[in-house]
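A structural walkthrough
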Amino acid sequence: EPEVTQTPSHQVTQMGQEVILRCVPISNHLYFYWYRQILGQKVEFLVSFYNNEISEKSEIFDDQFSVERPDGSNFTLKIRSTKLEDSAMYFCASNRESSYEQYFGPGTRLTVT
Amino acid sequence: AQSVTQPDIHITVSEGASLELRCNYSYGATPYLFWYVQSPGQGLQLLLKYFSGDTLVQGIKGFEAEFKRSQSSFNLRKPSVHWSDAAEYFCAVGAIYGGSQGNLIFGKGTKLSVKP
């Protein structure tokens, strides 16, 4: 069964450094998302991406964040200058057009020190 | 604003007992509703979903949920809990904008513990 994959599984970085989190959505999916979950809290929406552009973003997704689909398979989330409060589990998700059923990857745990 | 409320933070049930996890939502239109399960250190796995039609939906692992519009609820149930069901359960509502797919709004989750 196809699945969403994410790399790395755990990333440790120093405050102020740039990080790129990578995701490979399911191949025939057209909608892509990033969510985050701060430890002990609920899953929060960051951004959605369709047709090579951002379709929606939350207030969390400020100028420090960006997303890109650099090729036909990868979907990346970049944080330009990480802050301590960016420490969280970041989930990538995708779905087919008109499906509304999002499939989640296993997540990348980001630790900012 | 759209929101999802899961009033129970932590529930403990005995193995073999029945289970009901509560979920209430606030949404202006007909919601698309989901239950996801997250085992420790794992991602989110879809248990079941409601889009339209029959208000009682069946999911994987023996779970079911009932959509009640009058109560704005979508409670998750299982008749007999297994030890492997211990996990955190998230209810979510899907936002649809102009017919296009939107993001999911999650509740805070309910952690399920299972006693032997």
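Since the model is a prediction, treat every value here as computed from it, not as a measurement.

**What about the overall build of chain B?**
When helices and strands are tallied, chain B shows zero helices and twelve strands. Computed over its C-alpha atoms, the radius of gyration of chain B comes to 14 Å, within 12% of the 13 Å expected for a compact globule of 116 residues. The principal-axis extents of the C-alpha atoms in chain B amount to approximately 50 × 30 × 25 Å. Expressed as a percentage of its 116 residues, the buried residues of chain B come to 48%. Across chain B, every contact between residues at least 6 apart in sequence was considered, and the portion connecting residues at least 24 apart equals 53%. Carbon and sulfur atoms make up 49% of the accessible area of chain B, which amounts to about 5,500 Å² in all. Of the charged side chains in chain B, 10 are positive and 8 negative; the average position of the first set lies 4 Å away from that of the second.

**Details of the pairing of strand β5 (residues 32-38) of chain B**
Residues and elements named next belong to chain B. Burial of β5 is extensive: seven of the seven residues sit out of reach of the surface. The side-chain alternation of β5 yields two buried faces, one formed by Tyr32, Phe34, Tyr36 and Gln38 and the other by Leu33, Trp35 and Val37. Connecting the antiparallel pair β5 and strand β6 (residues 44-50) is a turn made up of five residues, with Gly41 showing a positive phi of about 75°.

**Topic: the interface of chain A and chain B**
On the chain B side, the residues contacting the 17 residues of chain A number 21 residues. For the pair chain A and chain B, the two sides together bury roughly 1,700 Å², of which 57% comes from carbon and sulfur. The interface formed by chain A and chain B holds one salt bridge in total. The salt bridge partner of Lys49 of chain B is Glu101 of chain A, with a shortest N-O separation of 2.9 Å. For the side of chain A that touches chain B, the secondary-structure elements that each account for two or more residues are β4 (31-37), β5 (43-50) and β9 (88-95) of chain A.

**Re unusual backbone geometry**
Here the bond from Thr7 of chain A into Pro8 of chain A is cis, since omega is -10°, no more than 30 degrees from zero. Residue position: Pro8 of chain A is located in the loop between β1 (5-7) and β2 (10-13).

**Considering the side chain of Asn75 of chain B**
Residue and element names in this part refer to chain B. The residue Asn75 is located in strand β9 (residues 73-78) in this model. Under the relative-accessibility criterion, Asn75 is labelled buried at 16%. At 2.9 Å, the side chain of Asn75 forms a polar contact with the backbone nitrogen of Cys23.

**Points about the nonpolar core**
Membership of the largest hydrophobic core comes to 29 residues, with the highest contact counts inside it found for Leu19, Trp35, Leu47, Leu48, Phe74, Leu76 and Tyr89 of chain B. When residues of this core are traced back to their parent elements, those giving at least two are β2 (10-14), β3 (19-21), β5, β6, β8 (64-68), β9, β10 (87-97) and β12 (110-115) of chain B. The element contributing the most residues to this core is β10 of chain B, with five residues. Formed by 22 residues, the second largest nonpolar core is a distinct cluster that contains Val4, Phe32, Ile60 and Tyr90 of chain A.

**With respect to the sheet that holds strand β3 (residues 19-24) of chain A**
All names here are of chain A. Strand order in the open sheet formed by four strands is β1-β3-β8-β7, and the pairing between neighbours is antiparallel. Two strands lie at the open edges of the sheet, namely β1 and β7 (65-68), each paired on one side alone. The mean inter-strand angle of the sheet, taken between neighbouring strand axes irrespective of direction, is 20°. As judged from the four bridges shared by β7 and strand β8 (residues 75-79), these two strands associate in the antiparallel manner. Each bridged residue has a counterpart across the sheet, and for Phe65 the counterpart in β8 is Ile79.

**Observations concerning the pairing of β8 of chain B**
Residue and element names in this part refer to chain B. Pairing of strand β7 (residues 56-58) with β8, which is carried by three bridges, proceeds in the antiparallel orientation. The partner of Gln58 across the bridge, within β8, is Glu64. Hairpin geometry of β7 and β8 is characterised by an intervening segment of five residues between the two adjacent antiparallel strands and by a positive phi of about 60° at Lys61. Bridging between β8 and β9 involves five bridges; their strand directions are antiparallel. Residue pairing in the sheet places Glu66 in a bridge with Asn75 of β9. What sits between β8 and β9 in their antiparallel hairpin is a turn of four residues, with Ser72 showing a positive phi close to 50°.

What counts and how
Residues numbered from 1 in each chain as written. Chains lettered and ligands numbered in written order. Predicted model: local features only at pLDDT ≥ 70, side-chain atom pairs only at ≥ 80, totals over all residues. Heavy atoms only, no water. Helix = DSSP H or I, 4+ residues; strand = E, 2+ residues; numbered from the N terminus. Rg over C-alpha atoms; globule rule 2.2 N^0.38 Å. Buried < 20%, exposed > 50% of the residue type's maximum accessible area, 1.4 Å probe, protein only. Contact = heavy atoms within 4.5 Å. Areas by Shrake-Rupley, 256 points an atom, 1.4 Å probe, with all protein chains shown as cover. Lys, Arg positive; Asp, Glu negative; His and termini not counted. Charge placed at Lys NZ, Arg CZ, Asp CG, Glu CD. Pairing = 2+ DSSP bridges. Buried area = accessible area lost by both parts, 1.4 Å probe. Salt bridge = Lys/Arg side-chain N within 4 Å of Asp/Glu carboxyl O. Polar contact = N/O pair within 3.5 Å; in protein donor to acceptor, adjacent residues only side chain to side chain. Core = buried A, V, L, I, M, F, W, Y, C linked by side-chain atoms within 4.5 Å. Axes fitted to C-alpha atoms, helices over the stretch in contact; angles between N-to-C directions.

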